[in-house]
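Listed below, chain by chain, are the residues.
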Amino acid sequence: MIGAVLDVNSVKHSRLSTMNAPTTLPVLQKGSQGAAVKELQTLLNKHFGVPSIGGPIVVDGIFGQVTEARVKTAQYRYLLKMDGIVGNLTWKALKANSALTATKPTLRRGSTGSEVEVVQKLLKESGYYKSVVDQIFGQNTENAVKAFQRDRKLTADGIVGVKTWQEYEKLATYLTFD
């Protein structure tokens, strides 16, 4: 391709498309074995192999109890459902070493589901939320979110948007490595 003109926009678009392409990595869980588990264990060691959380795990390609526990630590850190199963979201977060807060939904009173559960658990473990973790964003969750937002110098509106998710990610990192 000597003398060919390189279209920079095509290259940029191609790279972005590749980054946003769905992962072809398998869903992994306790009992899984093989090369994908070795890749997972290597990623876990890269991001979570510090002495304060047990040091590096053995990269043996066997998804056992220790790997499952470290996956749950990663899921907590990345604000994901802590089920120990490595699916698309867990793979993406591990590869980006980020909670991918820009992709998180906006939560407010009336929201329900696993994302609300993640928020409630994090707020409970940090002392903001005193009620039962029930996946329902009610008055108690809203009050806890507002208190957290005030402490973080955010607009205390009780709505979990991008900025609040980003602050939750910082808190989860602190709680994970403390």
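Described in the following lines is the structure provided in the data block. (Residues numbered from 1 in each chain as written. Predicted model: local features only at pLDDT ≥ 70, side-chain atom pairs only at ≥ 80, totals over all residues. Heavy atoms only, no water.)

**Things to note about the nonpolar core**
General note: in soluble globular proteins, nonpolar side chains tend to be found buried as a group.
Here comes step 1: Leu40 and Tyr168 are the most contacted members of the largest nonpolar core, which totals 37 residues.
Here comes step 2: Every element with two or more residues in this core is listed here: α2 (35-48), α3 (65-77), α4 (88-96), α5 (114-125), α6 (139-151) and α7 (162-177).
Here comes step 3: A per-element tally of this core places α2 first, with six residues.
Here comes step 4: The residues touching Leu40, leaving out its near neighbours within four places in the chain, are Leu28, Phe63, Thr67, Val71, Val86, Trp91 and Leu94. (Core = buried A, V, L, I, M, F, W, Y, C linked by side-chain atoms within 4.5 Å. Buried < 20%, exposed > 50% of the residue type's maximum accessible area, 1.4 Å probe, protein only. Helix = DSSP H or I, 4+ residues; strand = E, 2+ residues; numbered from the N terminus. Contact = heavy atoms within 4.5 Å.)

**Let's talk about the packing of aromatic side chains**
Here comes step 1: Enumeration according to the criterion identifies four aromatic pairs in this entry.
Here comes step 2: Ring centres of Phe48 and Tyr78 lie 5.7 Å apart, and the angle between their planes is 75°; on these two criteria the pair is classed as edge-to-face. One end of the pair, Phe48, is in helix α2; the other, Tyr78, is in the loop between α3 and α4, and 30 residues separate them in sequence. Here the two residues Phe48 and Tyr78 agree in accessibility, since each one is buried. (Phe/Tyr/Trp six-rings, centres within 6.5 Å; stacked < 30°, edge-to-face > 60°.)

**Considering the environment of Ala156**
Here comes step 1: Counting through the fold element by element, Ala156 comes out in the loop between α6 and α7.
Here comes step 2: With relative accessibility at 31%, the residue Ala156 sits in the partly exposed group.
Here comes step 3: For the pair Ala156 and Glu142, spaced 14 residues apart in sequence, the C-alpha to C-alpha distance is 9.7 Å.
Here comes step 4: In this structure, Ala156 is in contact with Lys146, Gln149 and Arg150, ignoring residues within four places of it in sequence.

**Remarks on the pattern of salt bridges**
Here comes step 1: Enumeration over the complete set of coordinates arrives at seven salt bridges.
Here comes step 2: The closest approach of N and O atoms between Glu115 and Lys104, which form a salt bridge, is 3.6 Å. Separated by 11 residues along the polypeptide, Glu115 in helix α5 and Lys104 in the loop between α4 and α5 bring together distant segments of the chain.
Here comes step 3: Note on Glu115: relative accessible area 21%, which makes it partly exposed.
Here comes step 4: On the accessibility criterion, Lys104 (10% relative accessible area) is buried. (Salt bridge = Lys/Arg side-chain N within 4 Å of Asp/Glu carboxyl O.)

**Observations concerning the packing of α2 against α3**
Here comes step 1: The interhelical angle for the contact between α2 and α3, taken along N-to-C directions, is 55°, at an axis separation of 11 Å. With respect to α3, the axis of α2 lies oblique. For the pair α2 and α3, the sense of crossing is left-handed. Taken together, the residues of α3 that come into contact with α2 (itself represented by Leu40, Gln41, Leu44, Asn45 and Phe48) are Thr67, Arg70, Val71, Thr73, Ala74 and Arg77.
Here comes step 2: Looking at side-chain class alone, the contact of α2 with α3 contains five nonpolar, four polar and two charged residues. (Axes fitted to C-alpha atoms, helices over the stretch in contact; angles between N-to-C directions. Parallel < 35°, antiparallel > 145°, perpendicular 65-115°, else oblique. Left-handed = near helix turned anticlockwise from the far one by under 90°. Nonpolar A, V, L, I, M, F, W, Y, C, P; charged D, E, K, R; others polar.)

**A few points about the environment of Gly34**
Here comes step 1: Following the sequence through the fold, Gly34 ends up in the loop between α1 (8-20) and α2.
Here comes step 2: According to the relative accessible area criterion, Gly34 is partly exposed, its value standing at 30%.
Here comes step 3: Placed 26 residues apart in sequence, Gly34 and Asp60 show a C-alpha to C-alpha distance of 8.4 Å.

**Some remarks on α4**
Here comes step 1: Those residues of α4 that sit buried are Thr90, Trp91, Ala93 and Leu94. The arc that holds the buried residues of α4, viewed along the axis, is 165°, so those residues lie on one side.
Here comes step 2: Packing partners of the buried residues in α4 comprise α2 and α3.
Here comes step 3: Looking at the residues trailing α4, positive phi occurs at Asn97, about 50°. (Arc of directions from axis to C-beta.)

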